[in-house]
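Notes for the structure review
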Amino acid sequence: MRNKFLGTAIAAVLALSACGGNLDDSNDDAGSAYPERAVSLLVGQDAGGSTDLIARALATPASADLGQPITVLNKPGANGAVAAKELAGAANDGYTLMVFNGSLAYITPLAVAAGEAVDITGYEVVTGISQDDYVLVAAPKTGFTTVRSIVDAKRPITFATTGVGTGSQLSQELLFAQAGVEATAVPFNGGAPALTAVLGGQVDVASVQLGEAKAQIEAKKVTPIVTFADKRPTYLPDVPTATEAGYDALVQQSRAIVAPKGTPQDVLDRLRAAFQKSFADQKYRDFSAGRMLTPNEVDGATLLEQWTGALTTYQGLVEKNKIDLSGNS
């Protein structure tokens, strides 16, 4: 009888071990096993742009921490709305994420019909990443060196944007509306083609992110006129902000890692821990500094508060200055 009892007990222990050693039938084991395969990181912009480069810089150290590859997949279109739609339809298991541009949450809704706007509250925010400032640049042959020089030209101008409903568009629309400059937007799909348009004389000026313009500014191929930051960037100490120039046009880009709605909290926590490793990685820190990014590595609740506040602020500015961001005017 004793041997029979021991045999039964051993079989029970083995069966319990096979089930993960937990009598509870909860799904805690699924979270502890995560990730068991590669993770996809969607980017709603073209390869080689700021968002793409940030995603790839983050992916390497986070992947090492997770012990699984993080594959960056570019799904460009509609300022990131194409990628956001794909993410919304993905399984909420932590295997599909996205680098989400803040402008999609707090500027694009001001440019599209209500039913077309992407609502950030329909996703789970893993972590904030960084903020990026915009700078207005012109080709030297235009003769533009300050906002005053644009006003004094007393002629219509054209300005390149990185797309409809972007910070690039909003910053310039606000500036030119307040300065009384007749200006026409020419949308492009990203900062690189917008800069190319300035260099090629297709447009007079463009507002692009500092990291995108740095090389051309250093080469003196474009002239920085004004930044849309809250204070002068250390990289451009002699270039005034729009506020200093007398205009209410503070506009920033912000980015975050997001997951589908309903992703388990333990999976979100594991992902946040992995990206914290990326933020602490020296190679990533050097990359971030070189791109002139301001760290904004906040939690999901804080980021949502920032972005909903930005939407309210920008909506007020658009209404006050009677600006139409739809591109239909």
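Going by the structure above, here's the rest.
Residues numbered from 1 in each chain as written. Predicted model: local features only at pLDDT ≥ 70, side-chain atom pairs only at ≥ 80, totals over all residues. Heavy atoms only, no water.

Describing the pairing of strand β7 (residues 205-209)
Counted residue by residue, β7 has five buried out of five residues, so it is predominantly covered. Neither face of β7 is left uncovered, since the one carrying Val205, Ser207 and Gln209 and the one carrying Ala206 and Val208 both have all their residues buried. (Buried < 20%, exposed > 50% of the residue type's maximum accessible area, 1.4 Å probe, protein only. Helix = DSSP H or I, 4+ residues; strand = E, 2+ residues; numbered from the N terminus.)

So, helix α9 (residues 210-218)
Listed as buried for α9 are Leu210, Gly211, Glu212, Ala213 and Ile217. Once α9 finishes, lysine 220 follows within two positions and takes phi at roughly 60°, a positive value.

Describing unusual backbone geometry
The omega torsion across tyrosine 34 and proline 35 is -5°, close enough to zero to call that bond cis. The phi dihedral of alanine 78 falls on the positive side, at around 55°, and the residue is not glycine. Positive phi is not limited to glycine here, since lysine 220 has a value of about 60°.

Describing the pattern of salt bridges
Using the criterion set out here, one finds eight salt bridges in the structure. A salt bridge links arginine 270 to aspartate 65; the nearest nitrogen and oxygen atoms lie 2.8 Å apart. Taken together, the positions of arginine 270 in helix α10 (residues 265-280) and aspartate 65 in helix α3 (residues 50-66) put the pair 205 residues apart, joining distant regions of the chain. For arginine 270, a relative accessible area of 26% translates into the label partly exposed. Since its relative accessible area comes to 26%, aspartate 65 is described here as partly exposed. Among the salt bridges present, the one from lysine 75 reaches glutamate 86, with a minimum N-O distance of 3.8 Å. Taken together, the positions of lysine 75 in the loop between β2 (70-74) and α4 (81-88) and glutamate 86 in helix α4 put the pair 11 residues apart, joining distant regions of the chain. (Salt bridge = Lys/Arg side-chain N within 4 Å of Asp/Glu carboxyl O.)

A word on the packing of aromatic side chains
Per the stated rule, a full pass over the model turns up eight aromatic pairs. Considering the side-chain rings of phenylalanine 100 and tryptophan 307, the 5.9 Å spacing of their centres and the 35° angle between planes classify their relative orientation as tilted. Placement of the pair is phenylalanine 100 in strand β3 (residues 96-101) and tryptophan 307 in helix α12 (residues 300-320), with a sequence separation of 207 residues. Using a relative accessible area of 3% as the deciding quantity, one classes tryptophan 307 as buried. An angle of 50° between the planes, with centres 5.7 Å apart, marks the rings of tyrosine 106 and tyrosine 314 as tilted. Placement of tyrosine 106 in helix α5 (residues 102-106) and of tyrosine 314 in helix α12 is noted, with a sequence separation of 208 residues between them. Taken together, the ring pairs connect Phe100, Tyr106, Tyr123, Trp307 and Tyr314 into an aromatic cluster. Just above the ring of tyrosine 95 sits the side chain of arginine 37; from NZ or CZ to the centre is 3.8 Å. (Phe/Tyr/Trp six-rings, centres within 6.5 Å; stacked < 30°, edge-to-face > 60°. Lys NZ or Arg CZ within 6 Å of the ring centre and 35° of its normal.)

As for the packing of helix α8 (residues 191-199) against α9
For the pair α8 and α9, interaxial distance at closest approach is 10 Å and the crossing angle is 30°. Viewed along their axes, α8 and α9 adopt a mutual orientation that is roughly parallel. Seen along the crossing, α8 lies across α9 with a hand that is right-handed. Contacts between α8 and α9 involve Gly191, Leu195 and Leu199 on the former and, on the latter, Glu212, Ala213 and Gln216. Taken together, the residues of the contact of α8 with α9 sort by class into three nonpolar, two polar and one charged. (Axes fitted to C-alpha atoms, helices over the stretch in contact; angles between N-to-C directions. Parallel < 35°, antiparallel > 145°, perpendicular 65-115°, else oblique. Left-handed = near helix turned anticlockwise from the far one by under 90°. Contact = heavy atoms within 4.5 Å. Nonpolar A, V, L, I, M, F, W, Y, C, P; charged D, E, K, R; others polar.)

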